[in-house]
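Residue-level structural notes
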Amino acid sequence: MPGNRLKATREGYVEGLLEAGRRDQRVVVLDADVSRSIGSIRFAEEFPDRAFNVGVSEQDMMAEAAGLALAGYVPFVGTYGVFVVGRAWDQLRTSVCYMGLDVKVGGAHAGVSVGPDGATHQALEDIALTRVLPGMKVLTPADSNQTRAAVMEALRLDGPVYVRFGRNPVPQIYPGDVELTAGKADVLEEGDDVALVACGVMVSEAMQARKMLFKKGIRAEVVNMTSVKPLDEEVLIDAARRTGRLVVAEDHQNHGGLYGAVSELICRSHPAAMASIAVGDSFGTSGSPRQVRSEYGLTAGAIAARAESLMEGKR
Amino acid sequence: MPETEDLIELARTVRRDVIEMVCSAGSGHPGGSLSVVEILVTLFFDRMRLDVERPHQEERDRFVLSKGHACPALYSVLARRGFFEPSELLTLRSLGSRLQGHPDMRKLPFLEASTGSLGHGLGISVGLARGLRLKGLDKRVYCLMGDGELQEGSIWESAMTAAHHRLGNLVAVVDRNRVQLDGRVETVMDVEPLRDKWLAFGWNVAEADGHDFDSLGEGFRRCESENSPGVLIAHTVKGKGVSFMEDTCLWHGACPDGDQRKAALREIGGAENAR
């Protein structure tokens with residue numbers, strides 16, 4: 001494991017775009033006036049003919065992406081997750097997913113981890129809004145290397161894909177050449193007492209939580225559930241069967257996101273004790289990313305505490 | 001180029017189809033379908049470069065029906081142009097039919113896009129126009145919108161983009177029938193001054209009598225240019241051709257009963273076709 005280096009997951013987005021653009025002439029990139037922020041401006045610098053900045057008009061961007069896909073291109077549409085999914089959701093639903101088009105959506109600024117920008121710019125509902133769409137796949141990488149891999153996986157897949165990434169530095173978990181497959185979870189650590197199922201920036205928190213639990217004699221499994229849709233049912237059911245306890249951690253609302261997805265599966269296939277580490281039906285707030293995550297209980301300590309509660313039989 | 005007399009007869013056939021289809025389905029949108037008949041006939045039988053034998057060849061003009069609820073007219077025109085058998089028209093809106101209540105290009109592959117949520121079609125067309133230009137294809141994209149649809153803010157986002165990038169291969173048509181579901185456009189939410197709005201957004205603007213083939217042809221010629229997108233404001237009558245449906249919102253989404261169907265077909269005239 002690369003260790004303690006920190007890098008924002010968003011940096012992997014443009015690395016993936018550049019790789020995809022060099023590999024495939026059909027790749028075009030659409031921006032809505034935040035390409036300097038999310039990094040995709042580097043694609044525009046290398047491929048000026050294949051980069052379209054539509055200005056602050058997300059609905060037009062999404063509809064245009066549909067048109068470009070109809071013309072045979074593979075558009076990557078990126079801006080902050082709240083806007084790319086929220087503002088343009090109807091276009092995403094009816095003009096992208098209904099037609100099953102090859103449009104790839106990059107959602108930046110995931111979760112309260114955005115920090116100082118505050119609630120308006122912290123995407124907390126985007127997993128719920130995308131995973132409910134027929135045919136949509138949802139990838140939530142845990143570090144920048146996985147984000148790059150998620151972009152390449154999105155290019156490989158047919159149809160619409162949502163790739164969710166964050167603004168602020170997080171520990172690197174994966175090497176630079178990591179690959180990612182939709183529908184496959186990654187069991188980072190094995191353990192039979194409790195399973196910590198996490199996505200995005202919460203994966204590194206879950207890894208820390210595992211260490212805390214280990215000191216108390218609790219063996220926690222850590223599952224990076226990058227692919228929220230499709231879910232790796234096999235890995236989840238196996239974890240539920242072996243541990244009987246799942247703590248699901250995500251920087252997202254506790255409704256409709258990863259916890260929702262995992263609950264839907266576990267309820268019908270192998271009921272287990274479950275707990276959610278997520279934002280509890282509220283909006284975010286300003287503060288440093290670390291402070292805000294603490295404020296909302298999105299920390300390794302909170303994950304470990306919930307895991308201990310489950311061990312004691314409390315929900 | 002087809003004779004105007006032939007186009008007039010085609011329009012009559014399409015109007016009969018619209019009435020028969022909506023009656024067969026028991027629901028649909030006759031008002032806004034009848035107002036776009038001459039526009040569609042002009043495009044599919046005169047202006048657009050299409051090959052019925054090779055409907056998906058890259059070298060073709062594209063048409064996007066942004067006002068998707070007018071699809072009975074589009075289905076009829078596609079069938080009459082030879083893309084599929086007219087007998088299929090009467091399956092409109094029924095379970096298993098390719099002719100969905102709003103256009104579904106995955107079911108009916110001769111459609112360029114699935115539409116029905118208003119305000120999307122122009123953006124899709126801008127993307128298509130950019131894509132064709134990027135590929136070096138000298139082909140046009142035509143997009144037909146309703147006048148009530150212009151109340152969608154997304155239309156104006158796309159209007160700005162098209163002009164900014166000088167998409168001369170994009171032609172929009174506004175079906176200016178002045179009536180929307182809830183009432184008269186000027187009462188519900190006025191879109192005037194329409195010509196000035198499009199001019200201010202940087203488009204070539206032409207106007208035409210949307211039920212006159214010569215006027216439509218001349219209008220298209222005037223609004224198409226190499227350097228900027230064009231919009232044709234086609235002045236039409238909602239429910240055109242059936243007196244009791246004309247210029248009223250009551251037939252936006254209503255189905256004629258048996259007597260009304262007979263009366264409508266009698267007024268439209270022409271030979272029986274769809275049934």
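Preceding this section is the structure that the text describes.
The following refers to the structure shown. Please read all numbers here as calculations on a predicted model, not as lab measurements.

1. Description of the packing of aromatic side chains
Here the structure, examined in full by the defined rule, presents eleven aromatic pairs over all chains. Taking 4.6 Å as the distance between ring centres and 25° as the angle between the ring planes, the aromatic pair formed by Y13 of chain A and F165 of chain A counts as stacked. With Y13 of chain A in helix α1 (residues 10–23) and F165 of chain A in the loop between β7 (161–164) and β8 (169–171), this residue pair connects regions lying 152 residues apart in the sequence. Each member of the pair Y13 of chain A and F165 of chain A is classed as buried. Taken together, a centroid distance of 4.9 Å and an interplanar angle of 50° make the contact between W156 of chain B and F201 of chain B tilted. Residue W156 of chain B is found in helix α6 (residues 153–164), and its partner F201 of chain B is found in the loop between α8 (194–200) and β6 (204–209); the two are separated by 45 residues along the sequence. Take F201 of chain B: its relative accessible area is 26%, and that puts it in the partly exposed class. An aromatic cluster is defined as three or more aromatic residues linked by ring pairs; in this entry it consists of W156, W198, F201 and W203 of chain B. Looking at R50 of chain A, its charged tip hangs above the ring of F47 of chain A, at a distance of 4.3 Å from the centre.

2. Examining the nonpolar core
Grouped together as the largest cluster of nonpolar side chains are 136 residues, with contacts concentrated most on V197 and L246 of chain A together with F63, Y75, L122, W198 and W203 of chain B. Among the elements that take part in this core, helix α1 (residues 4–25) of chain B stands out by supplying nine residues, more than any other. In this view, W203 of chain B contacts L122, A159, A162, A163, L170, A172, W198, P229, G230 and V231 of chain B; residues no more than four positions away in its chain are not counted.

3. Topic: the pairing of β6 of chain B
All names here are of chain B. Where β6 and strand β7 (residues 230–235) come together, six bridges link them in parallel fashion. Paired with A206 across the two strands is L232, which belongs to β7. The parallel pair β6 and β7, bridged by helix α9 (residues 213–223), forms a crossover whose chirality is right-handed.

Rules and cut-offs
- Residues numbered from 1 in each chain as written.
- Chains lettered and ligands numbered in written order.
- Predicted model: local features only at pLDDT ≥ 70, side-chain atom pairs only at ≥ 80, totals over all residues.
- Heavy atoms only, no water.
- Phe/Tyr/Trp six-rings, centres within 6.5 Å; stacked < 30°, edge-to-face > 60°.
- Helix = DSSP H or I, 4+ residues; strand = E, 2+ residues; numbered from the N terminus.
- Buried < 20%, exposed > 50% of the residue type's maximum accessible area, 1.4 Å probe, protein only.
- Lys NZ or Arg CZ within 6 Å of the ring centre and 35° of its normal.
- Core = buried A, V, L, I, M, F, W, Y, C linked by side-chain atoms within 4.5 Å.
- Contact = heavy atoms within 4.5 Å.
- Pairing = 2+ DSSP bridges.
- Right-handed = clockwise from strand over helix to strand, strands pointing away.

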